[in-house]
Amino acid sequence: MTVSSSGTTKSLKKVFVWGCGEDYQLGVKQAKRALDFYIHQPTELVFPFSQSCASPLHSDASDHEKDDEEEEKGEEDFEEIERLIAGSRNSCVLTKSKELYSWGWNSHDTLGLGGERANDVNEEKSDVKKNNKEFVKTPTKATYFAHDTTEELEQLHIKDEFVASEIVRVALGGWHALAIDQFGRVHAWGGNEYGQCATEKKKIEENFEVETIAATTTTRDTTTAAIARDEERKRGVVIDDRGFANTSISTPITIPLDWKSPKTLIKAKRVACGGMSSFAVTVDGDVYSWGCPVGGVGPNTYHPKKVENLRDCCEIAAGSFHVLALAKDGTVYSWGHGEYGQLGHQKTGNEATPRAIETLNRKGVVKIRAGGWHSACITAGGQLLTWGRGEYARLGMGDDDCADKITPTEVKFPSPTDTDDDDDDESKHHQRYKIVDASLGGSHTIALTSQGQLLSWGRNSLGRLGRVVNGPHSGIPGEVKFPPLPNKRKWICVKLSCGGRHNMALCVETKTKEERERALRAYFNNDNNIR
């Protein structure tokens, strides 16, 4: 716990990371650009700002009387983490003041840092070449969203004065990203080879040949290519080795969901990134998609297109090549690749268009989650159901069950091993894990209980489970332990995010059962307002 200069008590919050870090996706200073570098237990991630704005609370009264200047500095540097987002090989966090910090693999400018990369890897002993900007080692602030939006908003008839974009939602995909600002506009950056940033590719040299062919014919090919690349790069356009522009977007761009009428604002409330595709849910419950079709049918889509036969949706979740959508009435839809049963339709095979998962009807589903090749949902009663690829026991059906599941199946959790000391014996006997959130990686799964415990299961390599497991996998959910605290204090987890092979967790320090309950209510009630 912490105490501010005004005497009010504040909870100490920290972000912990573990798992694979060979692409700097863990953001820790001790990380190395080395094959199979990993951290096997939760380790604190240090940010360029403070997550606690006062000194630890001790019994000695003199410790409360800190220097005023130090207190004021702490208040100024204080930032509260609001969202954790773990991507395939990178990570980012969104603060309560709507600042975006990102780190890890930055191929295709996935991190949204534009020209600002203060923490680019530049180590002489690293196998990363000097000035290579493919990796960002530690959390770095994305500055683009503070730009003047006056002209953009005037076109939408929203504002006629300077307003900085405030990002309220972020999603990371294979190598691209999406965000929603306070006005409901969708932004995109990163890889765009398949149109996942809703921008058409173009051959730059062809445009410039028309303009320069009369001036010089002998050097037309080399001169036009050089001029084209120089001019386009000045405008922030990325050009690949084949001379194509817009195969990646280095500076975030705004995507009008109604691309035929870009001045018409269709507000989004959720976004999701697949491996090579993008999705958005509007405030009216419609779903839009663009990029590579997840069902594998048809050409790439370079403009947002409304998904037919979906209405009143409130949430979207995208795996590598499949998608889940949740409607307000609790109906779960899925489409895309289904070779492992990840669509949940009691059969394998792809679906080009959304189809309701019939076995989830009347289950009371409130959340949906998608991993690389498996899927999950959480019910109002705290049940977690999983389906799809079962290799490495990622579905949580036991150590001996690594079979694929074509039907959503309830995860059978063991009895809690770490019950609250304040509970009486009878209540401890009847306790069971109630799941309030989950996150799915490439081949492992993590889940959050109503008491702030974090459980993990699935593949055991590269420390991704965050606990000691004998063997290549664990199909029995087990609790991840965070660093111990003195004086009966304990960490409770309130947010989690699972990347391809790494994990992030936001934890709050508490001392009493009442403190824990207050913290859990504050976070879970806010997160559950998804409808």
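How each quantity is defined
Residues numbered from 1 in each chain as written. Predicted model: local features only at pLDDT ≥ 70, side-chain atom pairs only at ≥ 80, totals over all residues. Heavy atoms only, no water. Helix = DSSP H or I, 4+ residues; strand = E, 2+ residues; numbered from the N terminus. Buried < 20%, exposed > 50% of the residue type's maximum accessible area, 1.4 Å probe, protein only. Contact = heavy atoms within 4.5 Å. Areas by Shrake-Rupley, 256 points an atom, 1.4 Å probe, with all protein chains shown as cover. Disulfide = S-S within 2.5 Å. Pairing = 2+ DSSP bridges. Axes fitted to C-alpha atoms, helices over the stretch in contact; angles between N-to-C directions. Polar contact = N/O pair within 3.5 Å; in protein donor to acceptor, adjacent residues only side chain to side chain. pLDDT = per-residue confidence, 0-100. Salt bridge = Lys/Arg side-chain N within 4 Å of Asp/Glu carboxyl O. Phe/Tyr/Trp six-rings, centres within 6.5 Å; stacked < 30°, edge-to-face > 60°. Lys NZ or Arg CZ within 6 Å of the ring centre and 35° of its normal.

S.K.: Lay out the overall build of the protein with the relevant residues and their values.
M.R.: Across its full length, the protein carries six helices and 33 strands. Buried residues in the protein amount to 53% of all 531 residues. Restricting the contact set of the protein to residue pairs at least 6 apart, pairs at least 24 apart contribute 56%. Accessible area for the protein stands at about 24,100 Å²; split by element, carbon and sulfur atoms hold 46% of it.

S.K.: Quick one: what's the story with the state of the cysteines, residue by residue and with numbers?
M.R.: Joining two cysteines, a disulfide is a covalent bond between their sulfur atoms. Under the counting rule described, the total for this entry stands at zero disulfides. There is no disulfide at C92, and the cysteine sulfur nearest it, in C273, is 9.8 Å away. C92 gets classed as buried once you look at its relative accessible area, which sits at 2%.

S.K.: Which residues make up the sheet that holds strand β26 (residues 384-388), and what values do they have?
M.R.: With respect to topology, four strands assemble into an open sheet ordered β24-β25-β26-β27, the strand pairing being antiparallel. Looking along the sheet, the strands with just one partner apiece sit at the ends: β24 (365-370) and β27 (405-410). Ignoring which end each strand starts from, the neighbouring axes of this sheet average 15 degrees apart. The sheet contact formed by β24 and strand β25 (residues 374-379) spans five bridges and is antiparallel. If you follow K367 over to β25, its bridge partner there is I378.

S.K.: Talk me through the side chain of E22; I want residue IDs and the actual numbers.
M.R.: Here E22 shows up in the loop between β3 (13-20) and β4 (38-44). Judged by its relative accessible area of 10%, E22 falls in the buried class. From its side chain, E22 meets the backbone nitrogen of D36 in a polar contact 2.6 Å long. For E22, the residues in contact, after removing those within four places along its chain, are K32, R33, A34, L35, D36, F37 and R501.

S.K.: How would you summarise the environment of S97 if you had to cite specific residues and measurements?
M.R.: By the secondary structure assignment, S97 is in the loop between β7 (90-95) and β8 (100-105). S97 sits in the partly exposed class, given a relative accessible area of 39%. A C-alpha to C-alpha distance of 8.2 Å links S97 and E166, two positions 69 residues apart in sequence. A polar contact of 3.1 Å, which involves the side chain of S97, links it to the side chain of T95.

S.K.: Please give an account of the pairing of β24 that cites residues and values.
M.R.: Successive side chains on a regular strand alternate, one facing one side of the sheet and the next facing the other. Most of β24 is tucked away, with five of its six residues classed as buried. What sits between β24 and β25 in their antiparallel hairpin is a turn of three residues.

S.K.: Can you break down the sheet that holds β4 residue by residue, with the values?
M.R.: The strand order across the open sheet formed by four strands is β4-β3-β33-β32, and the pairing between neighbours is antiparallel. Both outer strands of the open sheet, β4 and β32 (490-498), are each paired with one neighbouring strand and no more. Here the average twist between neighbouring strands, direction ignored, is 20 degrees.

S.K.: Could you give an account of the pairing of β8, naming the residues involved and the relevant values?
M.R.: Burial of β8 is extensive: six of the six residues sit out of reach of the surface. Strand direction decides the pairing type here: β7 and β8, joined by five bridges, are antiparallel. The residue bridging L94 from the neighbouring strand is L100, located in β8.

S.K.: Lay out the confidence of the model for the protein in plain terms, naming residues and giving numbers.
M.R.: Should pLDDT be low for a region, the predicted coordinates there are not to be read in detail. For the protein, per-residue confidence averages 82 on the pLDDT scale, and residues scoring 70 or more make up 73% of the total. Confidence over residues 116-132 falls short of pLDDT 50; this stretch has 31 contacts with residues more than four positions distant or in other chains.

S.K.: Residues and numbers for the pattern of salt bridges, please.
M.R.: All told, the structure shown has 18 salt bridges when counted by the stated rule. Between E99 and K141 there is a salt bridge, and its shortest N-O distance comes to 3.3 Å. With E99 in the loop between β7 and β8 and K141 in strand β9 (residues 135-141), the pair connects residues that are 42 residues apart, well separated along the chain. Residue classification places E99 among the partly exposed positions, given a relative accessible area of 21%. A salt bridge links E509 to R489, with the nearest nitrogen and oxygen atoms 3.1 Å apart. Residue E509 is found in strand β33 (residues 502-510), and its partner R489 is found in the loop between β31 (473-479) and β32; the two are separated by 20 residues along the sequence. By relative accessible area, which is 15% here, R489 ends up buried. One salt-bridge network, in which partners are shared between bridges, spans D23, R33 and R89.

S.K.: With reference to specific residues and values, describe unusual backbone geometry.
M.R.: A positive phi angle, close to 60 degrees, is found at D109, a residue other than glycine. With respect to the secondary-structure elements, D109 resides in the loop between β8 and β9. With phi around 55 degrees, D312 is a residue other than glycine that occupies positive phi space. Of note, D312 is situated in the loop between β19 (301-306) and β20 (313-318). With relative accessibility at 43%, the residue D312 sits in the partly exposed group.

S.K.: Describe the packing of aromatic side chains, with residues and values.
M.R.: Under the defined criterion, the tally for this structure stands at ten aromatic pairs. Residues Y24 and F135 carry aromatic rings whose centres are separated by 6.2 Å and whose planes lie at 70 degrees to one another, so their mutual orientation is edge-to-face. With Y24 in the loop between β3 and β4 and F135 in strand β9, this pair connects stretches of sequence that are 111 residues apart. Relative accessible area serves as the criterion here: at 3%, F135 is assigned to the buried category. With a centroid separation of 6.0 Å and an interplanar angle of 75 degrees, the aromatic rings of F47 and W103 are classed as edge-to-face. You can see F47 sitting in the loop between β4 and β5 (55-56) and its partner W103 sitting in strand β8, a full 56 residues away along the chain. Per residue, the accessibility class of F47 equals that of W103, and both read buried. Each residue in the set F16, W18, F482 and W491 is aromatic and connected to the rest through ring pairs, giving one cluster. The positively charged end of R89 is found above the aromatic ring belonging to W105, 3.9 Å away from the centroid.

S.K.: Can you break down the environment of W18 residue by residue, with the values?
M.R.: For W18, the location among the structural elements is in strand β3. For W18, a relative accessible area of 0% puts it in the buried group. C-alpha separation for the pair W18 and H502, spaced 484 residues apart in sequence, amounts to 5.9 Å. Separated by 3.2 Å, the side chain of W18 and the backbone oxygen of R464 make a polar contact.

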